[in-house]
Structure formats: C-alpha cells, structure tokens
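What follows is each chain in one-letter form.
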Amino acid sequence: MTEDPYVTHRSLLFTVAYEMLGSAADAEDVLQESWLRWADIDRAQVRDPRAYLVRIVTRQALNRLRALSRSREDYVGEWLPEPLLTSPDVAEDVELAESVSIALLTVLETLGPAERAVFVLREVFDMPYGEIAEAIGKSAATVRQIARRAREHVAARRPRVQVDRSEQQAVVDRFLAALRTGQLQELMEVMAPDVVMIADGGGVVAAALDPIHGVAAVAELLARANQVVDALTTTAVWLNGAPAGRIEFDGEPSAVSLAVEDGRITRIYVVRNPRKLTRLDEPAELAR
C-alpha cells in the first residue's frame, strides 16, 4: 500500500498553515479541518494530490486568519508569532529558515489575509500564479498584483542584513551570558544603539505592553530582570530555524529570538505567553 498523500505531505501542509497564521496551535486545527475535507473527496479525481492539499489548507487557513483578525486586534499588548523548536538541519535550507523566522513572521502580521497567503505561496513555496488563484478564489491577474504589493511591503520592513548561523550563535551566546550575570555594560555592548525589544505576555504573565526602544532602556530592563527573580536560567536552543534562547524566570519559561546586524542585536522578540510556549520540547517537522 502507498502512503496517503496527506501523510506524505503533512510537514509541508503544516509549514504552509503555520506561515500563514503564525500559530502552531491554529495550524494544527487547520490541518485537522483539511484532513476531514480530504477524507470526503474521491481521490481518483485528484490529479495532483500535493497541489490539491495545499489548496485545501490555504482556504482553511484563510478562513481561520479572517476569523482571528478581530481577536488579535483585542490582544493584550504586542502579538508575536508562536515560537517553534527546530533542529539545526532546518537552517541548511536558508529560504525555509528565513521564511519561518520570528522576524519575518512578525512582518507578515502587517499584511492582510489575502496578501499574506499570496506572499507565502509565491515567495516561499514558489507556486504558480494560476494555482494560487484557485486556492484563494481570485483571478491570476489579481494574484500577480497582490504578490507585487505584498513583496514590496515585506521588503520595506524585513531585516536588511542576513548573518550566517555561526555569527548568530556567537551573538546569542554573548547575550545569554550577559543576561545571566545581569551586567549592564555587557548587555549594552551586544546590542545596537537603536535596538527594539518586543515582548508578548498576552495579558497572562508580566510583559511590556509596548515595544521598548534604545539600548539604554532595553539593557536596564534586562539587567533589572536578573535582580527581581530568585533564579534565572538560560539555554541556547534553535527556534524557527535560527540560534535563539530559552529563559526561565523562577521556573517560568520564555522564548527569545534575536535579529542581528553587523554583530549586534537590532531586535529582541520575547514570547512569555504560556499558551504560545507549548512547542519548545519537540522539534517541529517543517518542509517546503
């Protein structure tokens, strides 16, 4: 017996849904809904199971994204994507690693649902415009226009400089060491002058409600965090295809992803909402 195409392509389908939604939990719900629809069709009529499944997942993810838009508007504080533990192997596919990075997923949050779907399917998965048109229910000409706008929008906001993984790891290690010791000067030296820190507590745990700008303000806050808890531990991990950190404040976990430029940190993304920290123990299976 041959394996069911849904099982064969599940990692791809999860990656599509996750990149469209920024949430592993919502992506899993979309995959469950897509499986139910796949189970009801006549497989003999499907010429390209992979493309058909991607279309099902895209439609379900679009429906979910539109339904979630209001709840995200009402979210307490800043909304960040749900971090995923990944294996170092994910970084070997540079385009895949960049497409699931917290930095890029945060930029994708500024796109409308249709723009996000088109960007993900075209720029990440290189789907033909005709297939994207079928998936989102628009003409190929309209999809081309959406793709151009989305590409320009993302290009203007995504991190400007990509660093190799060894440099990223070195900066992460310096940052985690400085955080453990709470040394203000060491923290300031590893960050760019215009660094921005964004924290997501979801109203569930303590976190800054607005982005914090500037090396002095960010370093002071991080150094103080070391002083107000009884125990602070840091572990270097791979999150979303890049070296990152897992930090525990008195046993409460947080995930920290960093954007690095010229050897210094330009963006710090801290996810503290416990509902978003359920995928830190087992590496996610991602594929393009």
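Scroll up for the structure.
Notes on the structure in this doc start here. As the structure is a computational prediction, the values presented were derived from the model and not from experiment.

Ranked by internal contacts, the top residues of the largest apolar core, which has 52 residues, are Phe-14, Tyr-18 and Leu-108. Broken down by secondary-structure element, the contributors of at least two residues to this core are helix 2 (10–21), helix 3 (24–39), helix 4 (49–73), helix 6 (102–108), helix 7 (113–124), helix 8 (129–136) and helix 9 (140–157). Beyond its immediate sequence surroundings of up to four residues, Phe-14 is in contact with Ala-24, Ala-27, Glu-28, Leu-31, Leu-84, Arg-279, Glu-285 and Leu-286. One finds Val-172, Val-190, Met-191 and Leu-232 within the second-largest nonpolar core, a separate group that totals 30 residues.

The subject of this paragraph is the side chain of Glu-82. Among the secondary structure elements, Glu-82 is positioned in the loop between helix 4 and helix 5 (94–99). Side chain to side chain, Glu-82 and Ser-23 meet in a polar contact 3.3 Å long. Looking at Glu-82, its side chain comes within polar contact range of the main-chain nitrogen of Ala-24, at 2.9 Å. When neighbours within four sequence positions are excluded, Glu-82 is seen to be in contact with Tyr-18, Gly-22, Ser-23, Ala-24, Ala-25, Asn-240, Lys-276, Thr-278 and Arg-279.

Next up on the list: the pairing of strand 5 (residues 252–261). The buried fraction of strand 5 amounts to 8 of the 10 residues, a majority that puts the element mostly inside the structure. Across 5 bridges, the pairing between strand 4 (residues 242–249) and strand 5 is antiparallel. Its bridge partner being in strand 5, Gly-245 is matched across the sheet by Val-256. Counting the residues that bridge the hairpin from strand 4 to strand 5 gives 2 residues, and of these Asp-250 lies at a positive phi of roughly 50 degrees. In this sheet, strand 6 (residues 264–271) lies alongside strand 5 in antiparallel orientation, the contact comprising 7 bridges. Bridge pairing links Ser-257 to Tyr-269 in strand 6. Between the end of strand 5 and the start of strand 6, which pair antiparallel, lie 2 residues, with Asp-262 showing a positive phi angle near 55 degrees.

Structurally, Val-195 can be placed in strand 1 (residues 191–200). Residue classification places Val-195 among the buried residues on the basis of a relative accessible area of 0%. Val-195 sits 56 residues away from Gly-251 along the chain, and the two C-alpha atoms are 27 Å apart. Dropping the residues within four chain positions of it, Val-195 is found in contact with Ile-212, His-213, Gly-214, Val-215, Val-218, Ile-265, Thr-266, Arg-267 and Ile-268.

What follows concerns the sheet that holds strand 4. Sheets are built from strands that pair by backbone hydrogen bonding, the pairs being arranged parallel or antiparallel. Judged by pairing direction, the sheet is mixed, and its 6 strands sit side by side in the order 2-1-6-5-4-3 without closing on themselves. Where the open sheet ends on each side, the last strands, each with one partner, are strand 2 (212–213) and strand 3 (232–239). Running over the sheet, helix 10 (residues 165–181) touches strand 3, strand 4, strand 5 and strand 6 and is turned about 165 degrees from strand 3. With respect to the sheet, helix 12 (residues 215–228) is in contact with strand 1, strand 2, strand 3, strand 4 and strand 6, its orientation differing from that of strand 1 by roughly 55 degrees.

Turning next to the side chain of Thr-266. Checked against the element boundaries, Thr-266 lands in strand 6. The residues touching Thr-266, leaving out its near neighbours within four places in the chain, are Ala-192, Asp-194, Val-195, Val-196, Ala-259, Val-260 and Glu-261.

Attention now moves to helix 12. Its 14 residues give helix 12 an end-to-end C-alpha distance of 20 Å, which sits within 8% of 20 Å, the value for a rise of 1.5 Å per residue. Listed as buried for helix 12 are Val-215, Val-218, Ala-219, Leu-222, Ala-223 and Ala-225. Buried residues of helix 12, seen end-on, are gathered within an arc of 145 degrees and therefore sit on one face of the element. Opposite the buried face of helix 12, at more than 90 degrees from it, the exposed residues are Gln-227 and Val-228.

In this structure the tally under the stated criterion is 3 aromatic pairs. Aromatic pair Phe-14 and Tyr-18: ring centres 6.0 Å apart, planes at 5 degrees, arrangement stacked. Taken together, the positions of Phe-14 and Tyr-18, both in helix 2 and 4 residues apart, correspond to about one turn of that helix. Judged by relative accessible area, which is 2%, Phe-14 ranks as buried. Of the residues examined, Tyr-18 reaches a relative accessible area of 0% and is grouped as buried. A ring pair is formed by Trp-38 and Tyr-52, whose centres lie 6.1 Å apart and whose planes are at 50 degrees; its orientation type is tilted. On the criterion of sequence distance, the pair formed by Trp-38 in helix 3 and Tyr-52 in helix 4 is long-range, its members being 14 residues apart. In this structure, Arg-122 is placed above the aromatic ring of Tyr-129, and the distance from its NZ or CZ to the ring centre is 4.1 Å.

Rules and cut-offs
Residues numbered from 1 in each chain as written. Predicted model: local features only at pLDDT ≥ 70, side-chain atom pairs only at ≥ 80, totals over all residues. Heavy atoms only, no water. Core = buried A, V, L, I, M, F, W, Y, C linked by side-chain atoms within 4.5 Å. Buried < 20%, exposed > 50% of the residue type's maximum accessible area, 1.4 Å probe, protein only. Helix = DSSP H or I, 4+ residues; strand = E, 2+ residues; numbered from the N terminus. Contact = heavy atoms within 4.5 Å. Polar contact = N/O pair within 3.5 Å; in protein donor to acceptor, adjacent residues only side chain to side chain. Pairing = 2+ DSSP bridges. Axes fitted to C-alpha atoms, helices over the stretch in contact; angles between N-to-C directions. Expected span 1.5 Å × (residues − 1). Arc of directions from axis to C-beta. Phe/Tyr/Trp six-rings, centres within 6.5 Å; stacked < 30°, edge-to-face > 60°. Lys NZ or Arg CZ within 6 Å of the ring centre and 35° of its normal.

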